[in-house]
Amino acid sequence: MMRETPFVRYWRITRAELDTAFLHWIPRFFPSLCETQAAAVHDALADGKRLRGCLLCLVNDALGGRREAALPRALAVECIQAASLIHDDFVDRDTERRERPAAWTKYGPRKAVLLGDLMFATALHRMTETGRADGLAVAEVIATMASGAWQEPLEPADVERALLADPERGRGLYPRIIHLKTGALFGTAARLGAISAGGSQRMADLAHEFGVLLGEAYQIADDLADVDGREHSAPEWAVLAPAIVHFCGESELARVDLPKGSTAAPESFLSETLPVLRARMRKAMHARLRLASERAGQFPDSPFGRLLETAPSEIMHLSLGALP
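Notes on the structure in this doc start here. Every value quoted in this text rests on a predicted model; they were computed, and no experiment measured them. (Residues numbered from 1 in each chain as written. Predicted model: local features only at pLDDT ≥ 70, side-chain atom pairs only at ≥ 80, totals over all residues. Heavy atoms only, no water.)

Looking at where Thr 188 falls in the secondary structure, it is placed in helix α10 (residues 173–196). Once residues lying within four places of it in the same chain are set aside, the contact partners of Thr 188 are Ala 137, Val 141 and His 208. (Helix = DSSP H or I, 4+ residues; strand = E, 2+ residues; numbered from the N terminus. Contact = heavy atoms within 4.5 Å.)

Next up, the structure:
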């Protein structure tokens, strides 16, 4: 049973408010869609935790903003997140999302990719209409996330090639990917919350730093779950290759470059490298969580500001069950 902490209560109430508000705002975001097409947008947004939208609202509240100003910005952020998942599911050939058929299996690959494109473009369009700062923030994060998807290695050999081409850049691939994939959108959600509240440039930048650190910690924790889930087998070690190189060193990558068709990770890797990888990833995650809380502590003192300080650890519990 979920702990009903003050943050969880805030998230639960705000999530319900966002779900209701989106019913009003989706037709305004997508006025040219017919009923069937609009249903696909609703379906793409359904059942999400709304973490980024709730974070946007909390930053807005912590800076004394009006909730009405935050709601369309929250929808834009959730559209970007949903669109990225539609594309990811197709690229990774994942057939389910939130215990329902993935969009590409339901509408076909072409329609699914176009739906993701539509949601990206519409979020950018509506935020450009909202204000220059909003439009710039959304344009930057969509480009950043696309860059992350392009740079993410699909095979361990991709990491090996990166190391050969530019060793320093290859070793820095993991922190770069977690920033581009996840940190950037959390950071933009927090920035948009500051913008919606009419905060200063300093507060918008501070909010962005806070969100980026939280998002990177979130991605490390998600990757840690992959590490723990693969303790006895190695079906797709490519996704962890950048982390192995970054935290353990280049020589360890050879241990997980398995022969084709192999499913068992080498015993030497399991016994020697995995414990080191886990420990160093946990350390990196907790360091980012501490820094995120420090950034939140620089917001004006208020009940919402204090909630913001607890948000990093609370979001980890909420999303991943417990801090690994």
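Here we come to helix α6 (residues 109–130). Across its 22 residues, α6 extends 32 Å between first and last C-alpha, which sits within 8% of the 32 Å expected from 1.5 Å per residue. Among all positions of α6, only Ala 112, Leu 115, Gly 116, Met 119, Phe 120, Thr 122, Ala 123, Arg 126 and Met 127 are buried. Seen from one end, α6 has its buried residues packed into an arc of 160°, which puts them on one side. Among the exposed residues of α6, those oriented more than 90 degrees off its buried face are Arg 110, Lys 111 and Glu 129. In this structure, the buried residues of α6 make contact with α1 (6–29), α2 (35–45), α4 (67–92), α5 (103–107) and α7 (132–151). (Expected span 1.5 Å × (residues − 1). Buried < 20%, exposed > 50% of the residue type's maximum accessible area, 1.4 Å probe, protein only. Arc of directions from axis to C-beta.)

All right, on to the packing of aromatic side chains then. For the coordinates displayed, the defined rule picks out six aromatic pairs. Residues Trp 25 and Phe 29 carry aromatic rings whose centres are separated by 6.4 Å and whose planes lie at 85° to one another, so their mutual orientation is edge-to-face. In this pair, Trp 25 and Phe 29 both sit in helix α1, four residues apart, roughly one turn of the helix. The burial state of Trp 25 is the same as that of Phe 29; both residues are buried. Both rings, one in Tyr 174 and one in Phe 247, keep their centres 5.5 Å apart while their planes meet at 65°; by these two values the pair is edge-to-face. Here the residue Tyr 174 occupies a position in helix α10, and Phe 247 occupies one in helix α12 (residues 241–248), the gap between them amounting to 73 residues. Pairwise contacts between aromatic rings join Trp 25, Phe 29 and Phe 30 into one cluster. Stacked on the ring of Trp 25, the Lys or Arg Arg 28 has its end atom at 4.3 Å from the ring centre. For the cation-ring pair, Arg 93 lies above Trp 104, with the distance from its terminal atom to the ring centre recorded as 5.3 Å. (Phe/Tyr/Trp six-rings, centres within 6.5 Å; stacked < 30°, edge-to-face > 60°. Lys NZ or Arg CZ within 6 Å of the ring centre and 35° of its normal.)

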